[in-house]
Amino acid sequence: MNWFLPRMLAAALMAAVGAIIGTAIGWGGDTVLVLAVLGAALGASVSAFADRIRGYKLMRWLRSDRAQPAPRDTSFWGELGYRMERALILSQRETERERQQTKDFLTAIEASPNGVLLMDKYDQIEWCNGVAADHFGLDPRRDVQQRITNLVRDPAFVAYMQQGDWEGGLSLSARGGRGTLSVLIRPYGAGKKLLLSQDVTEGLRNEAMRRDFVANVSHEIRTPLTVLSGFVESLTTLKLSEAERTLVLARMREQTARMQALVADLLTLAQLEGSPRPSPDNWVPLAPLFDRVVAEAQALSAGRHILHADDVGLSEIAGQGTELQSAVGNLLSNAVRYTPEGGRIDLRWQQRADGSGLIVVQDNGPGIGREHLSRLTERFYRVDGSRSRDTGGTGLGLSIVKHVMQRHGGEIDIESELGQGSAFKLVFPAARVRQTP
Ligand code: ADP
């Protein structure tokens, strides 16, 4: 009511002014009444006109972009403008909050390692994250509102989209057949669909490697076992002379040793995979380590090779002593086993200008063909299978070395050429190399 009173007062005031003027002029009677009514009408008109102007200002503000505050005055229109402005600000804040929430939500999905794609009921893309775009070769901006089946034309995918029942997932070949995607659709809302995709190439490759590994291990164990059971059979059923018995027992010992070596290497690999990374603060002096591996190599060579080892002074490597010894020992044992009698084997140590360190095992043996070099560190990969087995090799030595190096933040570098000997280099990062302080 407080907007109504001022207007009534204005009308009453003007009526009174009219009556006073009428009385002053002295016309009296009806004329005074007429003038009072005219005054009231004039007062009301002036109020209405002022209201019209204020209403017009408010309307002009509403039609504008509302960058300026609403017109302020103490009247009804002022309060109306103020309330409208407040309501608009609150609604803008709410919209902004919701917009920010949606943005945060989409940013979180964008960060997902899996592909996420939203479709409307016509299978048109509404939104997709970068991973989904990468998986399906889409452009997250350009392809919005496109039907997905027009863009992903793989028949298996089109059939999956059309089947309408998406209980199970779909395996899809990706990147020109070089990878595999696992795709899953979940319906939501009014006919909308959520498509999830995951690159399972790595997982499948690991699974295949695991299967190969089990098959290889079984094969490696079965061979000596078959030989052993044959000998056991001969010993029990045949009447052997003493010399024959000794020979059979020697062969049996060889096969048992082969199985023992295989199991030992498998255990080493399992330990390497299962234990924490070697500490960067545990400093292993190289001199005693070199002494031990050289003594082992000399025992294995039994004087058939010329062995030379560098003086390493006070050099130290940060890591796990037994692992480092096993890595260098494996390389030396390979050099002894593959280098013919009279050959030369060098164990060298170098600290480079950038601080990194290099242990090199070099021989002047038969060398290795270039085509084999990249595969040498794979488990059970052998260039010459029978030579490896004859000399007690398990096919796991270099993969153990590679593992040890990876755990020490280093790498193994192999240089070899057929007929030119081989050099196996263990490269340690500067942070793991020092001179005894
Ligand atoms: P293995 O137990 O068979 O020696 P490794 O993993 O240690 O297995 O080595 C893999 C293969 O690399 C060997 O089978 C052998 O053919 C080749 N190789 C390794 N070291 C040498 C070397 N010093 N000279 C020639 N060939 C080598």
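Predicted model, so just to flag it, every value in this text is computed and none were measured.

Quick notes on the rules
- Residues numbered from 1 in each chain as written.
- Predicted model: local features only at pLDDT ≥ 70, side-chain atom pairs only at ≥ 80, totals over all residues.
- Heavy atoms only, no water.
- Helix = DSSP H or I, 4+ residues; strand = E, 2+ residues; numbered from the N terminus.
- Rg over C-alpha atoms; globule rule 2.2 N^0.38 Å.
- Contact = heavy atoms within 4.5 Å.
- Areas by Shrake-Rupley, 256 points an atom, 1.4 Å probe, with all protein chains shown as cover.
- Axes fitted to C-alpha atoms, helices over the stretch in contact; angles between N-to-C directions.
- Parallel < 35°, antiparallel > 145°, perpendicular 65-115°, else oblique.
- Left-handed = near helix turned anticlockwise from the far one by under 90°.
- Buried < 20%, exposed > 50% of the residue type's maximum accessible area, 1.4 Å probe, protein only.
- Core = buried A, V, L, I, M, F, W, Y, C linked by side-chain atoms within 4.5 Å.
- Domains from an automatic or database assignment.
- Pairing = 2+ DSSP bridges.
- Patch = residues over 30% accessible without salt bridge, like charges linked within 9 Å, V, L, I, M, F, W, Y side chains within 5 Å.
- Salt bridge = Lys/Arg side-chain N within 4 Å of Asp/Glu carboxyl O.
- Phe/Tyr/Trp six-rings, centres within 6.5 Å; stacked < 30°, edge-to-face > 60°.
- Lys NZ or Arg CZ within 6 Å of the ring centre and 35° of its normal.

Novice: Tell me what's going on with the overall build of the protein, and back it up with residues and numbers.
Specialist: Of the regular secondary structure elements, the protein holds 13 helices and 13 strands. Relative to its length of 437 residues, the protein is extended, with a C-alpha radius of gyration of 45 Å against a globular reference of 22 Å. Reported as C-alpha extents along the three principal axes, the dimensions of the protein are approximately 165 × 65 × 35 Å. Intrachain contacts of the protein at a sequence separation of at least 6 include 58% that bridge at least 24 residues. Carbon and sulfur atoms make up 57% of the accessible area of the protein, which totals about 26000 Å².

Novice: Kindly report on the packing of helix 9 (residues 286-301) against helix 10 (residues 321-338), identifying the contributing residues and their values.
Specialist: Taken N-terminus to C-terminus, the directions of helix 9 and helix 10 make an angle of 30°; their axes are 9 Å apart at the nearest point. When the interaxial angle is binned, helix 9 and helix 10 end up roughly parallel. Note that helix 9 runs across helix 10; the crossing there is right-handed. Along its contact with helix 9, which presents L289, R292, V293, V294, E296, A297, L300 and S301, the element helix 10 presents G321, L324, Q325, V328, G329, L332, S333, V336 and R337.

Novice: With reference to specific residues and values, describe the environment of D73.
Specialist: Checked against the element boundaries, D73 lands in the loop between helix 2 (30-63) and helix 3 (76-110). D73 gets classed as partly exposed once you look at its relative accessible area, which sits at 31%. Taking the C-alpha atoms as reference points, D73 and R292, separated by 219 residues in sequence, lie 97 Å from one another. Excluding its chain neighbours within four sequence positions, the residues that come into contact with D73 are R54, G78 and E79.

Novice: Give me the lowdown on the nonpolar core, citing residues and values where you can.
Specialist: By size, the foremost hydrophobic cluster in this structure holds 43 residues, and its most contacted members are L347, I359, I412 and L426. By residue number, the principal contributor to this core is helix 10, which donates seven residues. Three or more residues apiece are contributed to this core by two domains, here domain 3 (205-274) and domain 4 (283-435). With residues near it in sequence (within four places) discarded, L347 still touches F290, V293, V294, H308, A309, D310, V328, L332, I359, V360 and V361. One finds A132, F136, Y160 and V183 within the second-largest nonpolar core, a separate group that totals 21 residues.

Novice: Account for the sheet that holds strand 9 (residues 344-351), naming residues and giving values.
Specialist: With respect to topology, five strands assemble into an open sheet ordered 7-9-10-12-11, the strand pairing being mixed. Single-partner strands in this sheet number two, and they are strand 7 (306-309) and strand 11 (411-416). Looking at each pair of strands side by side, their axes are set apart by 15° on average, direction ignored. Bridging between strand 7 and strand 9 involves four bridges; their strand directions are parallel. In the strand pairing of strand 9, H308 is matched with D346.

Novice: Give me a nonpolar patch on the surface: which residues, what numbers.
Specialist: Together, L13, V17, I21 and I25 make up an exposed nonpolar region whose accessible area comes to about 350 Å². When its relative accessible area of 44% is taken as the criterion, I21 is described as partly exposed.

Novice: Give a detailed account of the packing of aromatic side chains, specifying residues and quantitative values.
Specialist: One pass over the structure, following the stated rule, counts three aromatic pairs. Their ring planes at 35° and their centres at 5.9 Å tell us that F213 and F380 sit as a pair that is tilted. Of this pair, F213 sits in helix 7 (residues 201-237) while F380 sits in the loop between helix 11 (370-373) and helix 12 (385-390), and the two are 167 residues apart along the sequence. On the basis of relative accessible area, F213 is assigned to the partly exposed category, the value being 22%. Sitting over the face of the ring of F213, R379 holds its NZ or CZ atom 4.9 Å from the ring centroid.

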